[in-house]
Amino acid sequence: MGHDRRVQLRWAIKTVTNGDFDEQPETLSYPGIALVRHHGDNVVGEVWLPVGNDEPTFADDEALIIALHAAWSWANAAA
């Protein structure tokens, strides 16, 4: 059963469009890391962490470590 769970780590650009019909919409893109949890062929969860700074902070590093630990723990829980 544990082999059915896996975690994918990938670079992802999140795009957000802001505006309404009366205004010209503005589109912003944010670089980040997506941690995608798969159970078999199904995506069962995703966490996106922004990494927009040229010099990541200690808090950025800690957020990534916490998210990675949680994802890998989930993947190994059923093993």
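The notes below deal with the structure included here. (Residues numbered from 1 in each chain as written. Predicted model: local features only at pLDDT ≥ 70, side-chain atom pairs only at ≥ 80, totals over all residues. Heavy atoms only, no water.)

**Notes on the overall build of the protein chain**
Then, in step 1: Scanning the protein chain for helices and strands turns up 1 helix and 3 strands.
Then, in step 2: Helices (α) and strands (β) of the protein chain occur, in sequence order from the N terminus, as β-β-β-α.
Then, in step 3: In the protein chain, 44% of the contacts between residues at least 6 apart in sequence involve partners at least 24 apart.
Then, in step 4: Carbon together with sulfur atoms contributes 54% to the accessible area of the protein chain, which is approximately 6,100 Å² in total. (Helix = DSSP H or I, 4+ residues; strand = E, 2+ residues; numbered from the N terminus. Contact = heavy atoms within 4.5 Å. Areas by Shrake-Rupley, 256 points an atom, 1.4 Å probe, with all protein chains shown as cover.)

**Observations concerning the nonpolar core**
Then, in step 1: Ranked by size, the top nonpolar core spans 6 residues in total: Ile33, Leu35, Leu49, Ala67, Leu68 and Ala71.
Then, in step 2: Elements that contribute at least two residues to this core include exactly strand S2 (26-39) and helix H1 (58-77).
Then, in step 3: The element contributing the most residues to this core is H1, with 3 residues.
Then, in step 4: Not counting residues up to four positions away in its chain, the partners in contact with Ala71 are Val7, Leu35 and Arg37. (Core = buried A, V, L, I, M, F, W, Y, C linked by side-chain atoms within 4.5 Å. Buried < 20%, exposed > 50% of the residue type's maximum accessible area, 1.4 Å probe, protein only.)

**Description of the sheet that holds S2**
Then, in step 1: Spatial strand order, S1-S2-S3: 3 strands in an open sheet with antiparallel pairing. Looking at the sheet topology across the chains shown, the edges are occupied by strand S1 (5-18) and strand S3 (42-50). Strand-to-strand twist of the sheet, defined as the mean angle between neighbouring strand axes without regard to direction, takes the value 30°.
Then, in step 2: Judged from the 14 bridges that link them, S1 and S2 form a sheet pairing that is antiparallel. Pairing of Arg6 across the sheet is with His38, part of S2. (Pairing = 2+ DSSP bridges. Axes fitted to C-alpha atoms, helices over the stretch in contact; angles between N-to-C directions.)

**Structural notes on the pattern of salt bridges**
Then, in step 1: Under the defined criterion, the tally for this structure stands at 1 salt bridge.
Then, in step 2: Two residues, Glu46 and Arg10, come together in a salt bridge whose shortest N-O distance is 3.8 Å. One end of the pair, Glu46, is in strand S3; the other, Arg10, is in strand S1, with 36 residues separating them in the sequence.
Then, in step 3: Among the residues examined, Glu46 registers a relative accessible area of 48% and is labelled partly exposed. (Salt bridge = Lys/Arg side-chain N within 4 Å of Asp/Glu carboxyl O.)

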